[in-house]
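# An overview of the molecular structure
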Amino acid sequence: MTIPETPPDDIPTYGDRVEEALRLLSGMPVGLDVAVKRLSRGSGVYAWWAAPSVLPDLPGPPNASDPSLRLLYLGRATSLRGRILRNHLRRSGSSTLRRTLAGLLVSEGYRTTWTDRVVLVSEDEARLTVWMYEHLRLTWAQDAEPATVEAELVRRTHPPLNVHGVAPEHLQAAVVAAKNSYNASSRPPEPSRTP
């Protein structure tokens, strides 16, 4: 008879990792000016928070440490610092969050262009970054295998800007419509026809 190996007591179980990530993500969100200085290069999960007056038609669960903020989006990264700084705070082409925000803020006049995909024009990339600094807060938790932790956290918390991994009854139609509108806002140029 073989005795199954048991993990050492100091290695956290999957459930422990999810609970620790949830505890850290539910901690006090910080402004982006502070977050960009503190973010580690390690892998993990992160959560974006905002006041209820920001995107008021998209309710998210309140933050446990600051109930005046609510969860908008949850993501994962192999490098927290790289994902937040190089993608979410800079380039719509590589950030689902930025594309979704631009689609939701269409009344603010965000403009797009086509590269190899739909992206914001450079002036509006900068404008969206300023908007994010003014309106959003961030929490994060390091984890060696963030994909599975993220999936469970999205399943539990139902962030309104997340689409993948969200149960159909929690999917926000306005978010899906905003994503579709953004993606349809620019197209590749038609091939020129020579007579």
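Provided above is the structure to which this section pertains.
Right, let's walk through the structure included here. (Residues numbered from 1 in each chain as written. Predicted model: local features only at pLDDT ≥ 70, side-chain atom pairs only at ≥ 80, totals over all residues. Heavy atoms only, no water.)

## Focus: the sheet that holds strand β2 (residues 44-50)
Definition in use: For two strands to count as paired, DSSP must find a minimum of two bridges between them. Here a strand is any run of E in DSSP of at least two residues, a helix any run of H or I of at least four, and the numbering for each starts at the N terminus. Here, residues are in contact when the closest pair of their heavy atoms is within 4.5 Å. Where helices are involved, their axes are fitted lines through C-alpha atoms of the stretch in contact, as for all axes, and angles between N-to-C directions lie from 0 to 180°.
Taken together, the four strands give an open sheet; going across it, the order is β1-β6-β2-β3, and neighbouring strands pair in antiparallel fashion. Every other strand in the sheet has two partners, leaving β1 (30-31) and β3 (70-77) as the edge strands with one partner each. Contacts from helix α1 (residues 14-25) reach β2, β3 and β6 (136-142), with the element oriented near 155 degrees to β6. Sheet strands in contact with helix α6 (residues 146-157) are β2 and β3, and its direction is about 160 degrees off that of β3.

## Description of the packing of α1 against α6
Note the threshold: Here the angle decides the label: under 35 degrees means roughly parallel, over 145 means roughly antiparallel, 65 to 115 means roughly perpendicular, and every other value means oblique. In a left-handed crossing the near helix is turned counterclockwise from the far helix by less than a right angle, and in a right-handed crossing that turn is clockwise. Residue polarity follows a fixed list, in which Ala, Val, Leu, Ile, Met, Phe, Trp, Tyr, Cys and Pro are nonpolar, Asp, Glu, Lys and Arg are charged, and the others, Gly among them, are polar.
Look at α1 against α6: their axes get within 10 Å of each other, and the N-to-C directions meet at 60 degrees. The angle between α1 and α6 falls in the class oblique. Viewed along their axes, α1 and α6 form a crossing whose handedness is right-handed. Across the interface between the two elements, Tyr14, Arg17, Val18, Glu19, Ala21, Leu22 and Leu25 of α1 pack against Thr148, Val149, Glu152, Leu153, Arg156 and Thr157 of α6. The residue makeup of the contact of α1 with α6, split by class, is seven nonpolar, two polar and four charged.

## Remarks on a positive patch on the surface
Heads up, the rule is: Patches draw on residues past 30% relative accessible area with no salt bridge. Two like charges within 9 Å are joined, as are two nonpolar side chains (Val, Leu, Ile, Met, Phe, Trp, Tyr) within 5 Å. Accessible surface area values rest on a Shrake-Rupley calculation with a 1.4 Å probe, where residue burial reflects the displayed protein chains alone. Salt bridge, as used here, is a side-chain nitrogen of Lys or Arg placed within 4 Å of a carboxyl oxygen of Asp or Glu. As used throughout, the charge tally considers Lys and Arg to be positive and Asp and Glu to be negative, leaving His and the chain termini uncounted. To locate a charge, take atom NZ for lysine, CZ for arginine, CG for aspartate or CD for glutamate.
Judged by side-chain charge, Arg41, Arg86, Arg90 and Arg91 come together as a positively charged surface patch. Topologically, Arg90 is positioned in the loop between α3 (80-88) and α4 (96-104).

## Some points on unusual backbone geometry
Unlike most non-glycine residues, Leu55 shows phi in positive territory, near 50 degrees. By secondary structure assignment, the location of Leu55 is in the loop between β2 and β3. For His158, which is not glycine, the phi torsion reads 55 degrees and is therefore positive.

## A closer look at the packing of α4 against helix α5 (residues 122-135)
The geometry of α4 relative to α5 is characterised by a closest axis approach of 11 Å and an angle of 95 degrees between their N-to-C directions. Classed by the angle they form, the pair α4 and α5 counts as roughly perpendicular. Across the interface between the two elements, Leu97, Arg98 and Leu101 from α4 touch Glu125, Leu128, Thr129, Trp131 and Met132 from α5. Within the contact of α4 with α5, the residues separate by chemical class into five nonpolar, one polar and two charged.

## Looking at the pattern of salt bridges
Basically, it comes down to this: Burial classes: relative accessible area under 20% of the type maximum marks a residue as buried, over 50% as exposed, and values in between as partly exposed (1.4 Å probe, protein chains only).
For the structure shown, the criterion picks out eleven salt bridges. Put simply, Glu152 and Arg155 hold a salt bridge, and the shortest N to O gap is 2.5 Å. Of the two residues, Glu152 and Arg155 both sit in helix α6, three residues apart, roughly one turn of that helix. Judged by its relative accessible area of 14%, Glu152 falls in the buried class.

## Section: the environment of Ile84
Tracing the chain through its elements places Ile84 in helix α3. Along the chain, Ile84 and Thr100 lie 16 residues apart, while their C-alpha atoms are 15 Å from each other.

## Some words on helix α7 (residues 173-184)
What counts is decided by this rule: In this scheme, a helix's expected span is set at 1.5 Å multiplied by one less than its residue total. By construction, the arc corresponds to the directions joining the helix axis to the C-beta atoms.
Taking 1.5 Å as the rise per residue, α7 with twelve residues should run 16 Å; its terminal C-alpha atoms sit 16 Å apart, in good agreement. Those residues of α7 not exposed but buried are Val175, Ala178, Lys179 and Tyr182. Taken around the axis of α7, the buried residues stretch over an arc of 100 degrees, which confines them to a single face. If you follow the buried residues of α7, they end up packed against α4, β4 (112-114) and β5 (118-120).

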